[in-house]
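Structural characterization, general
What follows is the residue order along each chain.
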Amino acid sequence: MVNQMWPDLIKKAKDGGLDVIQTYVFWNGHEPSSPGKYNFEGRYDLVKFIKLIQEAGLYVNLLIGLTFAQSGISGDSLFGLNMYLVAMERFTAKIVTMMKSEELFEPQGGPIIFSQRTSTGPLNGISVPREKLTLNGSPAQMADGLKAGVPWIMCKQEDAPDPMRKSMLNKTVQLTE
């Protein structure tokens, strides 16, 4: 089982000099069958994984989200895009709420020092303004509204509010401090 390997892999990462483990929260693993039916057991026990990282004295960059390829939703129409955005926002809010309730964000004493909502991936030729890539404003505004208390890394989000980080062309720019 993968989750039985976690302690040794985390130890090796620390012994190798890493300070931060970046982990992807796989939407298709945590919500595999139908909306609102989540799986956080075994290899998908996100809380246990984050707490093991904390016990090792390391930090976490939490990448939350899904791509079109994972969503199973057709991106050939604006209707498909809207379904995708609803799923993305619901899943992101679920994970942030879970991490907050377990006090895993850094301001709560936890190891999560950054969060990132993954980009939307290919939209199959649909031309959509970046600010429309979430139902409630820009992706940066949606992330900020979740009040995680840590900076979010936002890809190609020129309007990202503080304390966000923004990444342009794969180059991270520090906006605060």
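To be clear, the structure that these remarks concern was listed above.
Below is a summary of the structure that appears in this document. Just so you know, these numbers come straight off a predicted model, no measurement behind them.

This next bit is on the nonpolar core. Counting residues in hydrophobic clusters, the biggest one holds 33 residues, and the most contacted among them are Ile10, Ile50, Leu62, Ile95 and Met99. Elements supplying a minimum of two residues to this core: helix H1 (2-15), strand S1 (20-26), helix H3 (46-55), strand S2 (59-65), helix H5 (78-101) and helix H6 (139-145). With residues near it in sequence (within four places) discarded, Ile95 still touches Val25, Phe40, Leu46, Leu62 and Ile64.

You can see Pro107 is positioned in the loop between H5 and strand S3 (112-117). Using a relative accessible area of 51% as the deciding quantity, one classes Pro107 as exposed. With 42 residues separating them along the chain, Pro107 and Gly149 place their C-alpha atoms 6.3 Å apart. The residues contacting Pro107, other than those within four sequence positions of it, are Gly149 and Val150.

Further remarks concern the pattern of salt bridges. All told, the structure shown has 4 salt bridges when counted by the stated rule. Lys11 is the salt-bridge partner of Asp15, the closest N and O atoms lying 2.6 Å from each other. Placement of both Asp15 and Lys11 in helix H1 is noted, with a separation of 4 residues, approximately one turn of the helix. Judged by its relative accessible area of 55%, Asp15 is exposed. Notably, a salt bridge pairs Arg90 with Glu31, separated by 3.1 Å at the nearest N-O pair. Remark: Glu31 occurs in the loop between helix H2 (27-30) and H3 and Arg90 occurs in helix H5; sequence separation between them is 59 residues.

What follows concerns unusual backbone geometry. Of note, the phi angle at Glu103 is positive, near 55 degrees, even though the residue is not glycine. Note on placement: Glu103 falls in the loop between H5 and S3.

Counting buried residues along S2, 6 of its 7 residues qualify, which places the element largely inside the surrounding structure. Pairing analysis gives 7 bridges linking S1 to S2, with the strands arranged parallel. Looking across to S2, one finds that Phe26 is bridged to Gly65. Where S2 and S3 come together, 5 bridges link them in parallel fashion.

About the criteria used
Within each chain, residue numbers correspond to sequence positions counted from 1 in written order. For this predicted model, a pLDDT threshold of at least 70 governs which residues receive local features, and a threshold of 80 or more governs which side-chain atom pairs are given and counted, while totals over whole chains, interfaces and linings are taken from all residues. Neither water nor hydrogens contribute to the side-chain values; these are computed over all heavy atoms in the structure. The criterion is simple. A nonpolar core is a set of buried Ala, Val, Leu, Ile, Met, Phe, Trp, Tyr and Cys residues joined through side-chain atoms within 4.5 Å. For every residue, the accessible area (1.4 Å probe, protein chains only) is compared with the maximum for its type, and the residue is labelled buried under 20%, exposed over 50%, or partly exposed between those bounds. Secondary structure counts use DSSP, requiring at least four H or I residues in a row for a helix and at least two E residues in a row for a strand, with both numbered from the N terminus. Contacts between residues were defined by any pair of non-hydrogen atoms, one from each residue, lying within 4.5 Å. The working definition used for a salt bridge is a side-chain nitrogen of Lys or Arg within 4 Å of a carboxyl oxygen of Asp or Glu. By the convention used here, strands pair only if DSSP detects at least 2 bridges between them.

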